[in-house]
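Each chain is listed here by its residues.
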Amino acid sequence: MESHVQPSGMFSLAKYLAQIIVMGVQVVGRAFARALRQEFAASRAAADARGRAGHRSAAASNLSGLSLQEAQQILNVSKLSPEEVQKNYEHLFKVNDKSVGGSFYLQSKVVRAKERLDEELKIQAQEDREKGQMPHT
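Note that the structure is a prediction, hence the values are computed from the model and not measured.

Enquirer: What is the right way to read the overall build of the chain from this model?
Expert: Counting its regular elements, the chain contains four helices and zero strands. The N-to-C order of helical and strand elements in the chain reads α-α-α-α. For the chain, buried positions account for 19% of its 137 residues. A fraction of 57% describes how many contacts in the chain between residues 6 or more apart in sequence connect residues 24 or more apart.

Enquirer: Quick question: what am I supposed to make of the nonpolar core here?
Expert: As a rule of thumb, soluble globular proteins bury nonpolar side chains together. Core analysis: the biggest nonpolar cluster contains twelve residues, these being Leu66, Ala71, Leu75, Val77, Leu80, Val85, Tyr89, Leu92, Val110, Ala113, Leu117 and Leu121. The set of elements that each furnish at least two residues to this core consists of α3 (82–95) and α4 (104–133). Considering each element in turn, this core owes the most residues, four residues, to α4. Val110 has contacts with Ile74, Leu75, Tyr89, Leu92, Phe93 and Asn96, leaving out every residue within four places of it along the chain.

Enquirer: How should I be thinking about the side chain of Asn96 in this particular structure?
Expert: Of note, Asn96 is situated in the loop between α3 and α4. The exposure class assigned to Asn96 is buried, which follows from its relative accessible area of 12%. If we skip the residues at most four places from it in the chain, Asn96 touches Gly102, Ser103, Phe104, Leu106, Gln107 and Val110.

Enquirer: What should I look at first to understand the environment of Ala71 in this one?
Expert: Structurally, Ala71 is set in helix α2 (residues 68–74). Distance from Ala71 to Leu117, taken between C-alpha atoms, is 6.5 Å for residues 46 residues apart in sequence. Non-local contacts of Ala71, meaning those with residues more than four positions away in its chain, are made with Ala113, Arg116 and Leu117.

Enquirer: Help me understand α4 in this model?
Expert: For an α-helix, 3.6 residues make a turn, and residues three or four places apart therefore share a direction. End to end, α4 covers 44 Å across 30 residues, agreeing with the expected 44 Å (1.5 Å per residue, within 8%). Residues of α4 that are buried: Gln107, Val110, Ala113, Lys114, Arg116, Leu117, Glu120, Leu121 and Ile123. Measuring from the backbone nitrogen of Tyr105 back to the side-chain oxygen at the start of α4 gives 3.3 Å, which picks out Ser103 as the cap.

Definitions and limits used
Residues numbered from 1 in each chain as written. Predicted model: local features only at pLDDT ≥ 70, side-chain atom pairs only at ≥ 80, totals over all residues. Heavy atoms only, no water. Helix = DSSP H or I, 4+ residues; strand = E, 2+ residues; numbered from the N terminus. Buried < 20%, exposed > 50% of the residue type's maximum accessible area, 1.4 Å probe, protein only. Contact = heavy atoms within 4.5 Å. Core = buried A, V, L, I, M, F, W, Y, C linked by side-chain atoms within 4.5 Å. Expected span 1.5 Å × (residues − 1). Polar contact = N/O pair within 3.5 Å; in protein donor to acceptor, adjacent residues only side chain to side chain.

Note that all results are geometric; they support no functional claim without further evidence.
Set out below in structure tokens:
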């Protein structure tokens, strides 16, 4: 026996399926838009909190090609202190020297990371000086 679906039944099934798909896309679209607005607001709040130092830090990241986090990871530095940066830099530079079987590529990454962290330390020192010069009211 053959089963026949009436054309009107097929049309209404397709219509309901299309409506379900459209509703699903609308729900997902609204959720995505809401998440995007929240992320934008959080990003703006974080940027405002960083203030001018954040702009300087971003500029330093653009110039060096490394973010602050990447530079800290490369030199294995968790807290930004000049002594720790210098100590880890010297060690990693030495062990990656080509004459001892190291990698020139890794050694250059170590140098770039040190430059980026030195720049960040300079920015922090300048920010500290500016805070010290502000009159207390």
